[in-house]
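Each chain, letter by letter, is given below.
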Amino acid sequence: MSRIGMQPVAVPDKVKVAINGANMEVQGPKGKLHLTLHALIEARQEGSTLHLARKNETREAKALHGLSRSLVSNMVKGVTQGFTKELEINGVGYKADVKGHELQLALGFSHPILFQLPKGISAAVDAKKTRVTLEGIDKQLLGVTAAKIRSYRPPEPYRGKGIKYADEVIQRKEGKSAGK
């Protein structure tokens, strides 16, 4: 039995949930999100809670039960509070800047990298231009966007230069030593 899937999802007063067969729409103060549930999972709303149940006891249905509940919970949290992800840029001359709906990155290449932010994701840069804060209501899209920005210059283990998540710890390596 899925322990996560059996837990109900609390729906705040300002959030509206519409269930139409396998399609689910969650609308709140920050926006609207859609999800198509797998055929093995069904959702029902009872008052201010959502319950997800599996249609049979197959291994696949058990695996999808907890996943679906987590996705729905993230949708509800996203339309009420939203999600943030912070990136740090380390390196001499490495910096970021926001121009409209575009993130401009200077990462030691011969040209600046212009990253078009997806719809629903906004970015802010601190005064030092080395800390980027991404915000959005879709947790999955936010994570993909942060990973794509990080992939332009992942942190290297010798000097720690590159883009890393704010809570990420880079294991540093010792450089080459002279022959003995």
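Before any of the text, the structure's been laid out above.
Starting afresh in each chain, residues are numbered from 1 along the sequence in its written order. Only residues with pLDDT of at least 70 get local features here, since the model is predicted, and only at 80 or more are side-chain atom pairs given and counted; chain-wide, interface and lining totals rely on the full set of residues. Hydrogen atoms and water are omitted, and side-chain values are computed over all heavy atoms in the structure.

A.B. asks: How would you sum up the layout of surface pockets? Please name residues and give values.
C.D. replies: Over the atoms rolls a probe the size of a water molecule, and in doing so it shows where empty space is left. Cavities and pockets were defined on a 1 Å grid built from protein atoms only: a cavity is a group of points that admits a 1.4 Å probe but offers it no way out, a pocket is an open group of points flanked by protein on both sides within 12 Å along at least five of seven lines, and a lining residue is one with an atom within 4 Å of any such point. Grid points are joined across faces, edges and corners, and a volume is the space filled by probe spheres set on the points. Within this model, the largest pocket holds a volume of roughly 210 Å³. Lining the largest pocket are Leu33, His34, Leu35, Leu71, Asn74, Met75, Phe83, Ile137, Asp138, Lys139 and Gln140. Elements that contribute at least two residues to the lining of the largest pocket include exactly β4 (31-36), α2 (59-80) and α3 (139-151). In this classification, Asp, Glu, Lys and Arg are treated as charged, Ala, Val, Leu, Ile, Met, Phe, Trp, Tyr, Cys and Pro as nonpolar, and every other residue, Gly included, as polar. Residues of the lining of the largest pocket, tallied by class, amount to six nonpolar, three polar and two charged. We count a stretch as a helix when DSSP gives it H or I for four or more residues in a row; a strand needs E for two or more, and each element gets its number in order from the N terminus.

A.B. asks: If you had to explain the sheet that holds strand β9 (residues 102-106) to someone new, which residues and values would you point to?
C.D. replies: Judged by pairing direction, the sheet is antiparallel, and its three strands sit side by side in the order β8-β9-β10 without closing on themselves. The sheet is open, and its two borders are formed by β8 (95-99) and β10 (113-116), each paired with just one other strand. The mean angle between the axes of side-by-side strands here comes to 25°, regardless of whether they run parallel or antiparallel. Two strands are counted as paired when DSSP detects at least two bridges linking them. Note on geometry: axes are lines fitted to C-alpha atoms, helical ones only across the stretch in contact, with angles between N-to-C directions running from 0 to 180 degrees.

A.B. asks: Describe α2, naming the residues involved and giving the relevant values.
C.D. replies: Under the convention used throughout, the expected extent of a helix is 1.5 Å for every residue step, that is, one less than its residue count. For α2, with 22 residues, the first-to-last C-alpha span of 33 Å sits near the 32 Å given by 1.5 Å per residue. Exposed residues in this analysis have more than 50% of their type's maximum accessible area, buried residues have under 20%, and partly exposed residues fall in between, with area computed by a 1.4 Å probe over protein chains only. Here α2 has its buried residues at Ala61, Leu64, His65, Gly66, Ser68, Arg69, Val72, Met75, Val76, Gly78, Val79 and Thr80. Looking one or two places after α2, you find glycine 82, whose phi comes out positive at around 85°.

A.B. asks: Run through the environment of glutamate 57, naming residues and quoting values.
C.D. replies: Secondary-structure assignment places glutamate 57 in the loop between β6 (49-54) and α2. What makes glutamate 57 exposed here is its relative accessible area of 53%. Counting along the chain gives 47 residues from glutamate 57 to alanine 10, while the straight-line C-alpha distance between them is 25 Å. A distance of 3.3 Å separates polar atoms of two side chains, one belonging to glutamate 57 and the other to arginine 54. Throughout this description, a polar contact denotes any pair of N or O atoms lying within 3.5 Å of each other; where both atoms belong to protein, one of them has to be capable of donating a hydrogen while the other can accept it, and for residues adjacent in sequence the pair is counted only when both atoms sit in side chains.

A.B. asks: Tell me about the pattern of salt bridges, and please be specific about residues and values.
C.D. replies: Each reported salt bridge corresponds to a side-chain nitrogen of Lys or Arg within 4 Å of a carboxyl oxygen of Asp or Glu. Within this structure, the stated rule accounts for nine salt bridges. In this structure, the salt-bridge partner of aspartate 97 is lysine 129, at a minimum N-O distance of 3.6 Å. Of this pair, aspartate 97 sits in strand β8 while lysine 129 sits in the loop between β11 (121-125) and β12 (131-136), and the two are 32 residues apart along the sequence. As a salt-bridge pair, arginine 150 and glutamate 168 come within 2.8 Å of each other at their nearest N and O atoms. Taken together, the residues arginine 150 in helix α3 and glutamate 168 in the segment after β13 (162-165) connect sequence positions 18 residues apart. Here the salt bridges share partners, and the residues they tie into one network are Glu86, Glu88, Arg131 and Lys164.

A.B. asks: How would you summarise the nonpolar core if you had to cite specific residues and measurements?
C.D. replies: Val17, Met24, Val26 and Val72 are the most contacted members of the largest nonpolar core, which totals 21 residues. Those elements that provide at least two residues to this core are β3 (23-28), β4, β5 (41-46), β6 and α2. Per-element tally for this core: the top contributor is α2, with six residues. Take the buried Ala, Val, Leu, Ile, Met, Phe, Trp, Tyr and Cys residues and link them wherever side-chain atoms come within 4.5 Å; each set so joined is a nonpolar core. Within the second largest apolar cluster, 19 residues are counted, among which are Leu87, Ile89, Leu103 and Ile113.

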